[in-house]
Protein chains: 2
Amino acid sequence: MSKLNVTQKLIKSHLIEGEMKPGEEIGLKIDQALLQDATGTLVQLELEAMGLDRAKTEVAVQYVDHNLLQTDFKNADDHKFLKSAAQRFGLWFSRPGNGVSHPVHMERFGKPGKTLVGSDSHSCAAGSLGMLAIGTGGLDVAAAIAGQPYFVKMPQVMGVKLTGKMPDWVSAKDVVLEMLRRHDVKGGVGKIIEYYGDGLKELSAMDRHVIANMGAELGATTTVFPSDEETRRFLKSQDREEDWTELLADEGCEYELHDEIVLDDLVPLIALPTSPGNVVPVSEVAGKEISQVVIGSSANPGLRDFWVASAIVKDKSVSPEVSFDINPTSRQIMQNMIDNKTFGNLIKSGARFHQSGCMGCIGMGQAPASGTISLRTMPRNFPDRSGTKDDQVHLCSPETAAASALTGKITDPRDLEELYDMKYPKFEYPTYEIINTDMLVAPIDNNKDIELEKGPNIKTLPHIPKLQSEYRVPVLLKMGDNVSTDEILKAGAEVLPYRSNLPEISKYSYTVIDESFYDRAMKAKDSHGGHVVVAAENYAQGSSREHAALAPKYLGQVAVIAKNYARIAWQNLVNFGILPLEFVNESDYDKIEQGDEIELKDVVESVKTGDNIKVIIHKDNDKKIEIETKHTLSDRQIQILIKGGIINDFKEKL
Amino acid sequence: MSKLNVTQKLIKSHLIEGEMKPGEEIGLKIDQALLQDATGTLVQLELEAMGLDRAKTEVAVQYVDHNLLQTDFKNADDHKFLKSAAQRFGLWFSRPGNGVSHPVHMERFGKPGKTLVGSDSHSCAAGSLGMLAIGTGGLDVAAAIAGQPYFVKMPQVMGVKLTGKMPDWVSAKDVVLEMLRRHDVKGGVGKIIEYYGDGLKELSAMDRHVIANMGAELGATTTVFPSDEETRRFLKSQDREEDWTELLADEGCEYELHDEIVLDDLVPLIALPTSPGNVVPVSEVAGKEISQVVIGSSANPGLRDFWVASAIVKDKSVSPEVSFDINPTSRQIMQNMIDNKTFGNLIKSGARFHQSGCMGCIGMGQAPASGTISLRTMPRNFPDRSGTKDDQVHLCSPETAAASALTGKITDPRDLEELYDMKYPKFEYPTYEIINTDMLVAPIDNNKDIELEKGPNIKTLPHIPKLQSEYRVPVLLKMGDNVSTDEILKAGAEVLPYRSNLPEISKYSYTVIDESFYDRAMKAKDSHGGHVVVAAENYAQGSSREHAALAPKYLGQVAVIAKNYARIAWQNLVNFGILPLEFVNESDYDKIEQGDEIELKDVVESVKTGDNIKVIIHKDNDKKIEIETKHTLSDRQIQILIKGGIINDFKEKL
């Protein structure tokens, strides 16, 4: 392995434990950490529990971009808490309204050649700058901030060669939608996707952010781009040219997996409800009436994205049937949008501007009207994520979104040439952008003097008991493929304010799938000491929220039995002491039904030895079926799991 | 009465019924109608129930400015419903995000010499242009739209003479706060306040809007300014000079009541929690730490207001302890703010921009952190209106707000001269403002073809039974002075989405005062067929929401017994068939306690004859006390009340 690809270079330069063999657990030195508010309150409580003196990473930033709607005291209290905690532990603090974490981080802190972990699944977006950036559960980020290595199974590296030239009306979003069309939402599981080839020069740094960001939707561990002259141009435009270093794949390097996209062949694409993997050409669904268009989010955050939308709607009015919602990425981008007339042109066309933040992307406002189609440039369209139960969220490029806002119908942007006699507007990147750092509060020196400001909704974490040797507990839920964390523990304006209050938020566990879950789980906790749930492929895909493990644990979840797991969720389960079991024979999935009881014997011993774990299924009719399950935990993880999770592990170490 | 003041001229030119004697009911021809969304859904349902063909007013506009946070389908569904209803009944529709109703109406539709009713208590703001503009319950507005006269007791006219010159750092908000300091929240009840004198030339048209708007907080029927050369300048700047007519008081005209403000004597003022009447000089409370500043709302909507704040914070950063929230009034003002650098300067200083609308003023977001001080340029600070139970909302001018945002403490803006070596920034009004009408959807010709789009949360109104002759019902609540409609039926992000769903919203009746009210009322409805409540002075001050009458009615409210009533609320009670009784001897208020039962006999007969109405109070110990109550209803209102309210009256007429 003398000739290395970019991924291998990044890993090799940060490898502390393990070997770079796909499937083996490796430990990586972490340079940067990113927290957002919806997961960050828990991380800060964990840092408090760990008794951390001061962050040991080069850069750690607490952003506030999720919980911006203050419909009562809770979110405002959280913002105060996060500021005090950031100051207490030596983190940067990005104030509410300063912007969406990933693009702000890229613009102000990202550095080629560095590693980053973030308590947000889209942290992989920083791969756009030649970083190894991994979204993960909050506890893993807390550990990294405390100076611990980050552990992950060495992924396979999939090289995706880009060739040719991007057609008019097609942009970066269509590239990643094409990847989703080909590989679906679990096509990237266990993989790092590295883009290379001549086609790269068609993609600006922020275009690469779009693609790297939605690598999360492919289930990839992360996405990596090289750091090249375009990366340098970008950093220079951010007045940070000195932070640039070149990071290119060695000529003749190899990839374990291969794919290729000929850019010339791309057409405008759209993901239909209710999965980002449900991708078809826009032309296939053109003409359907829509009620809403939303432009923004970490999946299309760049100045170009807003500019191209503004150029399309300039001097026209959007359809009166459409709410044309714009989420400006950051305060900095607002200043640039004002400067280059994007802001004014959008307003004039009928845009409804919102705060700089995630907003509707996390269901914090912007819920569409009942049963109507919403077109969004966002990364996800899982069921009910928008806040409207019968939502029909479609994901697309800013070009498709803006074209559709004009016509009131899903519209292939290429049709604008005929409809409005329009040429494809092409953005010229400014040499220097207006820079705004005024709402980034720097870490302070005397950080230990700071007291945490905890409002009444901020609750310390309960103790999690260690793993028992035997269980007989009911199967409370049997789920199918690709269940998302949005279904396990929904986001949205109602639930997000409880992210710092475990007893309250646990009441929302699995409510999207089954509203009776909480009551049934509390009963099972009393009567049987807990429960299990069963799932098929890719359990708990989507966001990194560890509440999707911690809340079920609080309700007594002993184990999940699934065909396989999304990466972050699998780590989160272990971190909070839930057994992530896998069927040895996948067909055994059909043998378990909701309402069965399952019996587990000698669990601790089996987990330690790595032997298969026998599961006895007790049916209603006293029939018993025995099946085999396994786990794929590292020795380190086994120790954590047996102790009841990483918090107990930390407490023991201190 | 040959020499008339402006108020008398406006009334005289629109008088259809009655005589212009204070206290007599008069009927006025209404030229314009204003609806906002939180009250408008009900009004549109009423127009539907009335079977209206098409609006008969010269101009009627349905605004959407209250329910802008779409945390689920309900608000978005309401927006679609309101658009369909506006088109159906021949109204203008101001799309969500287009802006706050009162300033947008003033800029685009207001005309000197015209009358207006609006289903929002701050509709009086249009008095700034020389209009007679009255906030009232939705049913009254529906009736006006249907071509009916508007009925109101002829108020007394209080002439307020303005003299002298406005000192630096003092602005229009301080003028109306001075009025509130002198007269408190019921000082304007039964009065129209007319400003005159040389001091008027110190006030721009939009400054007058500030003062007229918060006339609502004085309890005034409305506020009236003349239409003079400044009015002309304003309309010209809005490209509407042709809509200007002069309307001045006759020289030597008289006022029934008198007050005078010497502008030179004014100092920056602030209203302390939890009443707009709780006014002291800013200097008295300077130095207290704050967590939030909010600039915007119909009480400080003008370009000058934002500009002066931006000039104060320009090239500085607001305190890191302060959330500096800006609610731009309208899309039009955003374009002007971009044009004159206000927007950029605010953003740069740390501002957090929100949608154009009422936002935190109606508790739709922006709730402050627990137990912290929020400074707002808004009109109201009633308890819990912000969404935070232990809120400490203070009301002040943009100058005071911006100064305090910089220091993180309540700050007298005059201190900026020393603190920052700053001169008072003075705004130059542009000859022409940028005009934006793109999100105002005009009425259509073929309006009868339009179908109403009703989402699942939009419920038709239930039947209200007619007045019985006898009642024996419990006193469910005994309240004190100045109970606001925010306490009777709170606004805020949780409750507002139910404005079109009576059964749901009624669950929030009086919860701010007593959380058990709904359950107790439902029980009393079953066991006794209803209930009464008792209050002291100025019952149901504040907003015009008719839900504060309709929801208690739905729960069986037979009567309110109070010392006296806020004007709009009193009308709303009658409109929905609730008896608004007044103590003949105010000291009898002390004789009734919560938990007593009251007996009413021969009610219908007594109401008709105008005789006093006997109330027998049954105490727990079988003791009986008899007291006398009365009503001050007009014959027209008596008819309505007996029928069970105005809807039944309309149904009968059709």
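Computed from a predicted model, the values in this text were never measured in an experiment.

Asker: Can you tell me about the overall build of chain A, naming the residues and giving the values?
Answerer: Each helix and strand counted, chain A has 23 helices and 27 strands in total. Expected size for 654 residues packed as a compact globule is a radius of gyration near 26 Å; at 24 Å, chain A falls within 12% of this value. Projected onto its principal axes, the C-alpha positions of chain A cover 70 × 55 × 55 Å. With 654 residues in all, chain A has 69% of them scored as buried. Surface summary for chain A: the accessible area is close to 20800 Å², and the carbon and sulfur share equals 45%. Charge-centre separation for chain A: the mean point of 73 positive side chains lies 2 Å from the mean point of 95 negative side chains.

Asker: Just give me the short version of the relation of the copies chain B and chain A, but keep the residues and values in it.
Answerer: The two copies are related by a screw motion: chain B maps onto chain A through a turn of 180° and a shift of 0.0 Å along the axis, at an RMSD of 0.1 Å. The superposition operator between the copies reduces to a two-fold rotation axis. For chain B, the smallest separation between a C-alpha atom and the rotation axis is recorded for B:His354, amounting to 2.8 Å. Of the residues that chain B buries at the interface, 100% are likewise interface residues in chain A, meaning the two copies contact each other through the same surface.

Asker: Explain the sheet that holds strand β21 (residues 471-478) of chain B to me, using residue names and the numbers behind them.
Answerer: Whenever strands of a sheet pair, they do so through backbone hydrogen bonds, lying parallel or antiparallel. Residues and elements named next belong to chain B. Read around the closed barrel, seven strands run β21-β22-β23-β24-β27-β26-β25, paired in mixed fashion. Between one strand axis and the next, the sheet turns by 35° as a mean value, whatever way the strands run. The pairing of β21 with strand β25 (residues 597-600) spans four bridges and is classified as antiparallel. Paired with Arg-472 across the two strands is Glu-599, which belongs to β25. Its contacts with the sheet put helix α18 (residues 517-528) on β21, β22 (531-534) and β25, and the angle it makes with β21 is roughly 170°.

Asker: Got a sec to walk through the pattern of salt bridges? Specific residues and values, please.
Answerer: Residues and elements named next belong to chain A. A full pass over the atoms with the stated rule returns 81 salt bridges over all chains. Among the ionic pairs, Glu-229 bridges to Arg-232, the shortest N-O distance being 3.3 Å. Residue Glu-229 and its partner Arg-232 are both found in helix α8 (residues 229-237); the two are separated by three residues, about one turn of the helix. The exposure class assigned to Glu-229 is partly exposed, which follows from its relative accessible area of 48%. Residue classification places Arg-232 among the partly exposed positions, given a relative accessible area of 30%. Sharing partners across several salt bridges, the network here consists of Glu-178, Arg-181, Arg-182 and Asp-259.

Asker: How would you explain the domain arrangement of chain A if you had to name every residue and give the values?
Answerer: Residues and elements named next belong to chain A. When its domains are assigned, chain A resolves into domain 1 (6-265), domain 2 (273-419) and domain 3 (471-653). Between the C-alpha centres of domain 1 and domain 2 the distance comes to 24 Å. At the junction of the two partners, domain 1 supplies 36 residues and domain 2 supplies 37 residues. Overall, the association of domain 1 and domain 2 removes approximately 3000 Å² of surface from exposure, summing both partners, and the carbon and sulfur fraction of that is 61%. Of all residues in domain 1, Val-100, Trp-169 and Lys-173 give up the largest surface area on contact with domain 2, accounting jointly for 23% of the area buried on that side. Measuring nitrogen to oxygen at the nearest pair gives 3.8 Å for the salt bridge that ties Arg-304 to Asp-207. Applying the counting criterion to the domain 1 and domain 2 interface returns 16 residue pairs in polar contact (both at pLDDT 80 or more). Its residues assigned to classes, the side of domain 1 that touches domain 2 shows 13 nonpolar, 13 polar and ten charged.

Asker: An account of the packing of aromatic side chains is requested, with residue identities and associated values reported.
Answerer: The geometry of an aromatic ring pair is captured by two quantities: the separation of the ring centres and the angle between the planes. This structure, assessed with the given rule, holds 23 aromatic pairs over all chains. A ring pair is formed by A:Tyr498 and A:Tyr508, whose centres lie 6.4 Å apart and whose planes are at 25°; its orientation type is stacked. Taken together, the residues span a long stretch of sequence, with A:Tyr498 in the loop between α16 (492-495) and α17 (502-505) and A:Tyr508 in the loop between α17 and α18 (517-528) at a distance of ten residues. In this pair, the class of A:Tyr498 matches that of A:Tyr508, namely buried. Between the aromatic rings of B:Tyr510 and B:Phe517, the centroid separation amounts to 4.5 Å while the plane-to-plane angle is 50°, which identifies the pairing as tilted.

Asker: Hey, could you go over the environment of B:Lys186 for me, with residue numbers and the actual values?
Answerer: Residues and elements named next belong to chain B. Of note, Lys-186 is situated in the loop between α6 (172-183) and β10 (191-196). Here the alpha-carbon distance between Lys-186 and Tyr-539, two residues 353 residues apart in the chain, equals 10.0 Å. Ignoring anything within four residues of it in the chain, the contact list for Lys-186 reads Leu-218, Asn-482, Glu-537 and Asn-538.

Asker: Could you give an account of the side chain of B:Glu178, with specific residues and numbers?
Answerer: All names here are of chain B. You can see Glu-178 is positioned in helix α6. Take Glu-178: its relative accessible area is 8%, and that puts it in the buried class. Polar side-chain contacts of Glu-178 include one of 3.0 Å to the side chain of Arg-181. In this view, Glu-178 contacts Ile-261, Leu-266 and Leu-269; residues no more than four positions away in its chain are not counted.

Asker: A description of the interface of chain B and chain A should follow, citing residues and the corresponding values.
Answerer: Facing 52 residues of chain B, the contacting portion of chain A comprises 53 residues. When chain B packs against chain A, close to 4000 Å² is buried across both sides, 52% of that on carbon and sulfur atoms. For the chain B face of the interface with chain A, the top three residues by lost area are B:Gln70, B:Arg95 and B:Arg352, together amounting to 16%. For the pair chain B and chain A, the number of links is two salt bridges. Across the pair B:Lys83 and A:Glu321 runs a salt bridge, and its minimum N-O distance is 2.8 Å.

Asker: Explain the side chain of B:Glu230 to me, using residue names and the numbers behind them.
Answerer: All names here are of chain B. The residue Glu-230 is located in helix α8 (residues 229-237) in this model. Looking at Glu-230, its side chain comes within polar contact range of the main-chain nitrogen of Ala-205, at 2.7 Å. Apart from the residues lying within four places of it in its own chain, the contact partners of Glu-230 are Leu-203, Ser-204, Ala-205 and Arg-208.

Asker: Just give me the short version of the sheet that holds β10(B), but keep the residues and values in it.
Answerer: All names here are of chain B. Ordered by their spatial adjacency, four strands build an open sheet running β11-β10-β9-β12, and the pairing between neighbours is parallel. Pairing within the sheet leaves two strands with one partner each, and these edge strands are β11 (222-224) and β12 (257-262). For this sheet, the mean angle separating the axes of adjacent strands, direction not counted, is 20°. As paired strands, β10 and β11 are joined by three bridges and run parallel to one another.

Asker: For a negative patch on the surface, give the residues involved together with the corresponding values.
Answerer: Residue and element names in this part refer to chain A. Taken together, the side chains of Glu-470, Asp-602, Glu-605 and Asp-611 present a region of like negative charge at the surface. Mapped onto the elements of the fold, Glu-470 is located in the loop between β20 (440-441) and β21 (471-478). You can call Glu-470 partly exposed: its relative accessible area is 47%.

Asker: Let's hear about the pairing of strand β16 (residues 323-327) of chain A: which residues, and what values?
Answerer: Residue and element names in this part refer to chain A. Of all five residues making up β16, five are buried, and the element is well covered by its neighbours. Here β16 shows no split at all, with Ser-323, Asp-325 and Asn-327 on one side and Phe-324 and Ile-326 on the other all buried. In this structure, strand β15 (residues 292-296) lies alongside β16, joined through five bridges in parallel fashion. Counterpart to Val-294 in the pairing with β16 is Asp-325. Crossover connection from β15 via helix α10 (residues 303-313) to parallel β16: handedness right-handed. Inspection of the sheet shows β16 paired to strand β17 (residues 352-353) by two bridges, in the parallel sense. By the bridge assignment for β17, Ile-326 is matched with Phe-353.

Asker: Break down the environment of B:Arg240 for me, with residues and values.
Answerer: All names here are of chain B. With respect to the helices and strands, the residue Arg-240 is situated in the loop between α8 and β12. Between the C-alpha atoms of Arg-240 and Glu-107, which are 133 residues apart in sequence, the distance is 8.8 Å. Beyond its immediate chain neighbours, meaning those up to four positions away, Arg-240 contacts Met-106, Glu-107, Arg-108, Phe-109, Gly-110, Lys-111 and Leu-235.

Asker: Hey, could you go over the packing of helix α11 (residues 331-339) of chain A against helix α12 (residues 342-349) of chain A for me, with residue numbers and the actual values?
Answerer: A packed helix pair is summarised by two numbers, namely the angle formed by the two axes and the spacing between the axes. All names here are of chain A. Their axes nearest at 4 Å, the elements α11 and α12 cross at an angle of 80°. As judged from the angle between their axes, α11 and α12 are roughly perpendicular. In this structure, α11 contributes Met-334, Met-337 and Ile-338 to the contact, and α12 contributes Thr-342, Phe-343 and Leu-346. Residue composition of the contact of α11 with α12, by class: five nonpolar, one polar and no charged.

Asker: Give me the lowdown on unusual backbone geometry, citing residues and values where you can.
Answerer: Look at the link from A:Pro273 to A:Thr274: it is a cis peptide, with omega at -5°. As for its placement among the helices and strands, A:Thr274 is situated in the loop between β13 (269-271) and β14 (279-281). For B:Ala540, which is not glycine, the phi torsion reads 65° and is therefore positive. If you trace the backbone, B:Ala540 turns up in the loop between β22 and α19 (547-554).

Procedures and definitions
Residues numbered from 1 in each chain as written. Chains lettered and ligands numbered in written order. Predicted model: local features only at pLDDT ≥ 70, side-chain atom pairs only at ≥ 80, totals over all residues. Heavy atoms only, no water. Helix = DSSP H or I, 4+ residues; strand = E, 2+ residues; numbered from the N terminus. Rg over C-alpha atoms; globule rule 2.2 N^0.38 Å. Buried < 20%, exposed > 50% of the residue type's maximum accessible area, 1.4 Å probe, protein only. Areas by Shrake-Rupley, 256 points an atom, 1.4 Å probe, with all protein chains shown as cover. Lys, Arg positive; Asp, Glu negative; His and termini not counted. Charge placed at Lys NZ, Arg CZ, Asp CG, Glu CD. Least-squares fit on C-alpha atoms with pLDDT ≥ 70 in both. Contact = heavy atoms within 4.5 Å. Pairing = 2+ DSSP bridges. Axes fitted to C-alpha atoms, helices over the stretch in contact; angles between N-to-C directions. Salt bridge = Lys/Arg side-chain N within 4 Å of Asp/Glu carboxyl O. Domains from an automatic or database assignment. Buried area = accessible area lost by both parts, 1.4 Å probe. Polar contact = N/O pair within 3.5 Å; in protein donor to acceptor, adjacent residues only side chain to side chain. Nonpolar A, V, L, I, M, F, W, Y, C, P; charged D, E, K, R; others polar. Phe/Tyr/Trp six-rings, centres within 6.5 Å; stacked < 30°, edge-to-face > 60°. Patch = residues over 30% accessible without salt bridge, like charges linked within 9 Å, V, L, I, M, F, W, Y side chains within 5 Å. Right-handed = clockwise from strand over helix to strand, strands pointing away. Parallel < 35°, antiparallel > 145°, perpendicular 65-115°, else oblique.

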